[in-house]
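Observations on the model geometry
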Amino acid sequence: MRFYPGSPVLTARALRPEDSYRGFELNPPVEALLREALAAWPNAVGQAGDGYEEAVRAARGLKAPLVLIDPPFERPDDYVRSAETAAAVLRADPTACVAIWTPLKDLETFDGFIRRLEQAGLSRVLVAEARLRPLNNPMKMNGCAMTVVNAPSGAEAAAAEICGWTVQALGDAGGRAEVWRAG
Ligand SMILES: C[S@@+](CC[C@H](N)C(=O)[O-])C[C@H]1O[C@@H](n2cnc3c(N)ncnc32)[C@H](O)[C@@H]1O
């Protein structure tokens, strides 16, 4: 637990003076950690709230916001709510960039999630998968994926490098990186 919170701190470090970051957390002790971790950056704040609802609200009125959705996927509706949130943010601003982290357990669940994004009419979808082993045991965490709608230029090459390195460093035999486009 040396690097938690992770993405909020990485994001805060990358902010330019004109940027701002808001992170939403439901669990009070984790929210306290988030606030504390971001205390050093005046334009980054951690707040209590349902990230699915708050991200849509926070993105409203911003030009080309970047939204990262990173739930624990402990609840079965996390896939549905992630896809709905992405669609709502992109309906409000088609130039928004939305990145959604998902675990990779079995292909059926993941394909269902991608189909949901496509059915919502989202295009320009980049999928970066780090498959640490073949996806044939749905009870196991077999890797993870980052799905990015409106990924900026250069994201595909960066994703291939990151996923390739991750699989090489942490994967079993039969693991592989897959970077592809949907939508
Ligand atoms: C995988 S962690 C996020 C890690 C974070 N991105 C990082 O790099 O440090 C998922 C977090 O989402 C929180 N969470 C779950 N459902 C949520 C919701 N609807 N709104 C906000 N936070 C939620 C959980 O309490 C948990 O702390």
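Structure's up top.
Residues numbered from 1 in each chain as written. Predicted model: local features only at pLDDT ≥ 70, side-chain atom pairs only at ≥ 80, totals over all residues. Heavy atoms only, no water.

Focus: unusual backbone geometry
For residues besides glycine, phi is generally negative; the peptide bonds are generally trans as well. For A64, which is not glycine, the phi dihedral falls at a positive 50°. Non-glycine residue R124 carries a positive phi angle of around 55°. In this structure, R124 sits in the loop between α5 (107-119) and β5 (125-131). (Helix = DSSP H or I, 4+ residues; strand = E, 2+ residues; numbered from the N terminus.)

With respect to the pattern of salt bridges
If you walk through the whole model with that rule in mind, you get twelve salt bridges. Its salt-bridge partner being K63, residue D93 comes within 3.8 Å of it at the nearest N-O pair. Here D93 is found in the loop between α4 (78-92) and β4 (97-103), whereas its partner K63 is found in the loop between α3 (51-59) and β3 (66-69), with 30 residues between them in sequence. Owing to a relative accessible area of 66%, K63 belongs among the exposed residues under this scheme. Bridged by salt links that share partners, the residues R16, E18 and D19 form one connected network. (Salt bridge = Lys/Arg side-chain N within 4 Å of Asp/Glu carboxyl O. Buried < 20%, exposed > 50% of the residue type's maximum accessible area, 1.4 Å probe, protein only.)

Regarding the packing of aromatic side chains
The geometry of an aromatic ring pair comes down to the distance between the two centres and the angle between the two planes. This model, assessed by the stated rule, comprises four aromatic pairs. For the ring pair F73 and Y79, a centre distance of 4.6 Å and an interplane angle of 50° mean the geometry is tilted. Exposure class is identical for F73 and Y79. Each is buried. Residues F110 and F113 carry aromatic rings whose centres are separated by 6.3 Å and whose planes lie at 40° to one another, so their mutual orientation is tilted. Of the two residues, F110 and F113 are both situated in helix α5; the distance of three residues between them amounts to about one turn of the helix. Clustering of aromatic rings is evident, with ring pairs tying together F73, Y79, W101, F110 and F113. (Phe/Tyr/Trp six-rings, centres within 6.5 Å; stacked < 30°, edge-to-face > 60°.)

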